[in-house]
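Chain residues, written in single-letter form:
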Amino acid sequence: MTPRSGVCAWPTEVDTHIDSDLPPEGYRLEITPAGITLTAADQAGRTHAQQTLRQLAGPDAFRAAAIGTRELTIPCGVIEDHPRFRWRGCLLDVARNFRTKAEVLRFIDLLSAHKLNVLHLHLTDDQGWRIEVPAFPKLTEISSWRTGSMVGRHDGPERDGRPHGGFYTTDDLREIVAYAAERSITVVPEIDVPGHARAAIAAYPELGPEPESPWEVWTSWGVSTSLLKPTPDTLDFLRQVFDHVLTIFPSPVIGVGGDEVPGATPAHGRLVADLATYLATQGRRAFGWDEVLDTDALPPMVIGAWRDQAAATRAATAGHDVVLCPEDHFYLDHRQSDHPDEPIPVGYLRTLEDVYRYQPTLDDPHVIGIQAQLWSEHFDSVRRVDYAAFPRLCAVAELAWSPPTHDYTEFLPRLRDHHLPRLDALGVEYRPLDGPHPWQTRPDVPATAHRPNQLPVG
Ligand code: ACM
């Protein structure tokens, strides 16, 4: 920002123009005591500029209604800004633990406040199927709920005995997509195949491997070895499911999963490749996790590189677009400190500072962005999602938006003094910088260390 003297009252009329010579999603704000001129490259640039004005007006601008205790003002100056990456994503896993429609809409507001522009909605997994597909009613009758869940992470037989479930109707999802689009966010749906599919197999056992009697929606966390049977009938089922998905989600990119497939055969790989090719015939590009690179004959895809840097390089070399989703930095279900009070401390230790200090080592035009992951085995409430996501997602958002040089010692006081008050005003139950509130701890759910820097993850 180039500061000028004076302030402008907020809210105020904003004189808005489009200038397509600005970089995509970019904007220029000229703020004077007399008013504000907003010039945006496109609709997204306009959205981001409005968020910037909210940031400048102070925390109360983030409340749901004006509370009238003081007038809000914005400092005068000129700001020109645009994002570093065109894919600035966050995955929300609504399959393991369902999030209500209202919670998803609120989450979209939080993404927008951070200028993130992709909500990757992980809609299906072993533990639940969350999208209504009219041609296959049992996906909602049977696959959308389970009889109980593992508490924390353990390998014993105990379950909580509490049914868990939920699904979105077609119209719910259309509403989510429209709400996101109004905020310049693309919802990328994911139907995970051929692994992570036990919930679907529970409803339609003919899709699965040899009969397990009876199949049920999985009540365990972890990686299941039960994969979809790679047959023409399964491909036909998937085509019908994706045909429905395409009527809901206008996203140019559609997720097909492909991750964690122990025992997969070349035929399983071909199933994913055939599905990706089918999506290409429908004018869409498939998003797959980096395991899919083991399969030949893939059409151009977007690869979520999660396991290591080598996977990202391999994907880029093969000509795919790449979204960097490194497990060792951007899996926000992983523990945020080594403190004994850290709730359900699974996975790698990844502090706010670790996340902020992440540097993509692959400098290649195929790298279109970065994405945080909120896998939800251990998020049994939206309060737990808030705690895991924030403030680390603020760090991811800044890496995704701003130029590559970042200074944590500059970020930290800015976050503490300016941004956390905004999250307070938004009602986000983030992790305080010095550790959890007592009510955020989970002494009832201990974790067991397997390796020094890694605890088991779901
Ligand atoms: C993944 O973590 N299985 C993508």
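Residues numbered from 1 in each chain as written. Predicted model: local features only at pLDDT ≥ 70, side-chain atom pairs only at ≥ 80, totals over all residues. Heavy atoms only, no water.

J.: Talk me through the sheet that holds strand 1 (residues 2-10); I want residue IDs and the actual numbers.
T.: Reading across from one edge, 1-5-3-4-2 is the order of the five strands in this open sheet, with mixed pairing throughout. Single-partner strands in this sheet number two, and they are strand 1 and strand 2 (14-18). Across the sheet, the mean angle from the axis of one strand to that of its neighbour is 25 degrees, orientation sign disregarded. The pairing of strand 1 with strand 5 (residues 72-81) spans six bridges and is antiparallel. By the bridge assignment, Ala9 is partnered in strand 5 with Thr73. (Pairing = 2+ DSSP bridges. Helix = DSSP H or I, 4+ residues; strand = E, 2+ residues; numbered from the N terminus. Axes fitted to C-alpha atoms, helices over the stretch in contact; angles between N-to-C directions.)

J.: Just give me the short version of empty space enclosed by the protein, but keep the residues and values in it.
T.: In this structure the tally under the stated criterion is two cavities of 30 Å³ or more. Roughly 60 Å³ of internal volume is contained in the largest cavity. Lining the largest cavity we find 13 residues, and of these Asp333, His334, Pro343, Arg384 and Tyr387 sit closest to its centre. At three residues, the largest contribution of residues to the lining of the largest cavity is made by helix 11 (residues 382-389). Taken together, the residues of the lining of the largest cavity break down into six nonpolar, two polar and five charged. (1 Å grid on protein atoms, 1.4 Å probe; cavity = no way out; pocket = protein on both sides within 12 Å on 5 of 7 lines; lining within 4 Å. Points joined across faces, edges and corners; volume = space filled by probe spheres on them. Nonpolar A, V, L, I, M, F, W, Y, C, P; charged D, E, K, R; others polar.)

J.: Describe the pairing of strand 12 (residues 186-193), with residues and values.
T.: With respect to burial, strand 12 is a largely interior element, seven of its eight residues being buried. Of the pairings in the sheet, the one linking strand 7 (residues 118-122) to strand 12 comprises five bridges and is parallel in character. Bridge pairing in strand 12 links Val118 to Thr186. (Buried < 20%, exposed > 50% of the residue type's maximum accessible area, 1.4 Å probe, protein only.)

J.: Let's hear about the packing of helix 2 (residues 101-113) against helix 11: which residues, and what values?
T.: Look at helix 2 against helix 11: their axes get within 12 Å of each other, and the N-to-C directions meet at 20 degrees. Taken as axis vectors, helix 2 and helix 11 run roughly parallel relative to one another. The handedness of the crossing between helix 2 and helix 11 is right-handed. In this structure, helix 2 contributes Glu103, Arg106, Phe107 and Leu110 to the contact, and helix 11 contributes Val382, Val385 and Asp386. (Parallel < 35°, antiparallel > 145°, perpendicular 65-115°, else oblique. Left-handed = near helix turned anticlockwise from the far one by under 90°. Contact = heavy atoms within 4.5 Å.)

J.: So what's going on with the environment of Ala95? Residues and values would help.
T.: By the element assignment, Ala95 lies in the loop between strand 6 (87-93) and helix 2. For Ala95, a relative accessible area of 0% corresponds to the buried category. For the pair Ala95 and Arg416, spaced 321 residues apart in sequence, the C-alpha to C-alpha distance is 33 Å. Not counting residues up to four positions away in its chain, the partners in contact with Ala95 are His122, Leu123, Thr124, Asp125, Gln127, Gly128, Arg130 and Arg146.

J.: Can you explain the packing of helix 2 against helix 4 (residues 170-182)? Please cite residues and give values.
T.: Between helix 2 and helix 4, the least distance of the axes is 10 Å, while the angle of their chain directions is 15 degrees. As the angle between them shows, helix 2 and helix 4 are arranged roughly parallel. When the axes of helix 2 and helix 4 are compared, the crossing they make is right-handed. Where helix 2 abuts helix 4, its residues Lys101, Val104, Leu105, Ile108 and Asp109 lie against Asp172, Glu175, Ile176, Tyr179 and Ala180. The class makeup of the residues in the contact of helix 2 with helix 4 is six nonpolar, no polar and four charged.

J.: Describe the layout of surface pockets, naming the residues involved and giving the relevant values.
T.: Rolling a probe over the atoms, with the probe sized like a water molecule, indicates the empty space that remains. Space inside the largest pocket adds up to approximately 930 Å³. Along the walls of the largest pocket sit 31 residues, with Gln55, Asp81, Lys115, Glu398 and Arg414 positioned nearest its centre. Those elements giving two or more residues to the lining of the largest pocket turn out to be helix 1 (43-57), strand 5, helix 12 (392-401) and helix 13 (408-426). The element that contributes the greatest number of residues to the lining of the largest pocket is helix 13, accounting for seven residues. Split into classes, the residues belonging to the lining of the largest pocket amount to 13 nonpolar, 10 polar and eight charged. Taken as a whole, the second largest pocket encloses approximately 410 Å³ of empty space. Elements represented by at least two residues in the lining of the second largest pocket include exactly helix 4 and strand 12.

Function cannot be read off these values alone, since they describe shape.
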